[in-house]
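# Topology and contacts: notes
Okay, here's what each chain looks like letter by letter:
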Amino acid sequence: MLSYKSVNRSCKNTVFFITLFLCLLVFAPAQAESPMEKAKKVKDQIASMRGDLSNAFETHEQGVYKLKKITNRLYTNTEKLKEANIELKKNQNLLGDRINNMYRYGNASILDIIFAARSFNEMLVNVNFIVRISKQDAVIIEKVEKLRKEVKSTQKKLVVDQKYQKNLVITLKEKREYIQNKLAKAKKMLVGLEKEIEELRKPKSLPAPIMNQITPPSTTPDPVNPSGGGKYAFPVGAPYSFGNTWGAPRGGGRRGHKGTDIMASGGTPAYAVISGNVSNTQGGNSGLWQILNGDDGNVYWYMHQSGFAASGRVSTGQVIGYVGNTGNASGGPAHVHFELHPGGGGAVNPYFFLNSIQ
Ligand SMILES: [Zn+2]
């Protein structure tokens, strides 16, 4: 039999796990920023699992309530049966006494008793006595019969209740196991998700081609003609200058600098650092803005240009535009605001890369 204690304990455990699960649900999506599709899929899975869990939990709660009711009824019926049995025994004894008394008359029939009377009065008394005894016996027999029926039906009820209770206990056990399995799976999934999110939040390292270039090259490639050995061409024609200004305050301190400013006089040619596709745009702070989708998988930005020289397919070292001071550089010294987006993702400091390909 399932004790209340174990039911209570399992309820507490279930409540604890569901609380934990909901807490994780609240915090996990806040951390998920990138791969939207993946996050959405996991969220959907969690949502459907939460539905399953609440259903199973509800069934479990209902089962516990029913079990309580049946246990109470079982107790009441057992008491009733006990009382009925005591009453039955009492009446059976009483009936036995009556029958013994009848036998003491030597199995006498009513007629024998009537004719044995020595007077009419005595006969009447005897008849009355017999009738009275018969009536009492009839009452007792009726009572015993009624009690027997009651006990029988109570016993039947008990058997049905016990069978139902047994099945209920099995169902509850299955439901509990179902909930526990689901919770274990959800927890495992959330742990995996957290790890994945942590991994995603780590700063992206440079892709292999650029990592190779960061170590100083053994030969200095000709910036305009990279066939001299290097894979990359320097993005601005000589003479130029640049420093490591990554993170320096810009826009009155509202944002950090996201690139490297390569200073050169206006009109100096700008080169494609690698072969790829150039697209040109203009407006806002960027002025004339060129985006080079490199064949190495990285994306390079050129801002504040004074003019465009190419668009679409370009080869390494090809002139794509000219240095200027358009956009928010207007009125200041001409330069290329150069950005490096590894794999097309967030910008990284291009200083070391530029330093390595000079
Ligand atoms: Zn800049």
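Residues numbered from 1 in each chain as written. Predicted model: local features only at pLDDT ≥ 70, side-chain atom pairs only at ≥ 80, totals over all residues.

Looking now at the overall build of the protein chain. Scanning the protein chain from terminus to terminus reveals six helices and 11 strands. When the 358 residues of the protein chain are sorted by exposure, 21% land in the buried category. Residue pairs in contact within the protein chain that sit at least 24 positions apart in sequence constitute 66% of those at least 6 positions apart. (Helix = DSSP H or I, 4+ residues; strand = E, 2+ residues; numbered from the N terminus. Buried ≥ 20, exposed ≤ 12 C-beta atoms within 10 Å, placed from the backbone. Contact = placed C-beta atoms within 7 Å.)

For the bond running from Ala238 to Pro239, omega is -5°, close enough to zero to count as cis. Positioned with a positive phi, His304 is a non-glycine residue whose angle comes to about 70°. Topologically, His304 is positioned in strand E7 (residues 299–305). For His304, a count of 24 C-beta atoms within 10 Å translates into the label buried.

Glancing now at the sheet that holds strand E11 (residues 335–341). Strand pairing in a sheet takes place through backbone hydrogen bonds and is either antiparallel or parallel in direction. Taken in spatial order, the six strands of this open sheet run E3-E11-E7-E6-E5-E9, and their pairing is antiparallel. Of all the strands in the sheet, just strand E3 (260–263) and strand E9 (312–314) have a single pairing partner and so form its edges. On average, each strand axis in the sheet is inclined to that of its neighbour by 30°, with strand direction left out of account. Two elements, strand E5 (residues 276–282) and strand E6 (residues 288–294), share seven bridges in a ladder whose sense is antiparallel. Paired with Asn280 across the two strands is Gln290, which belongs to E6. (Pairing = 2+ DSSP bridges. Axes fitted to C-alpha atoms, helices over the stretch in contact; angles between N-to-C directions.)

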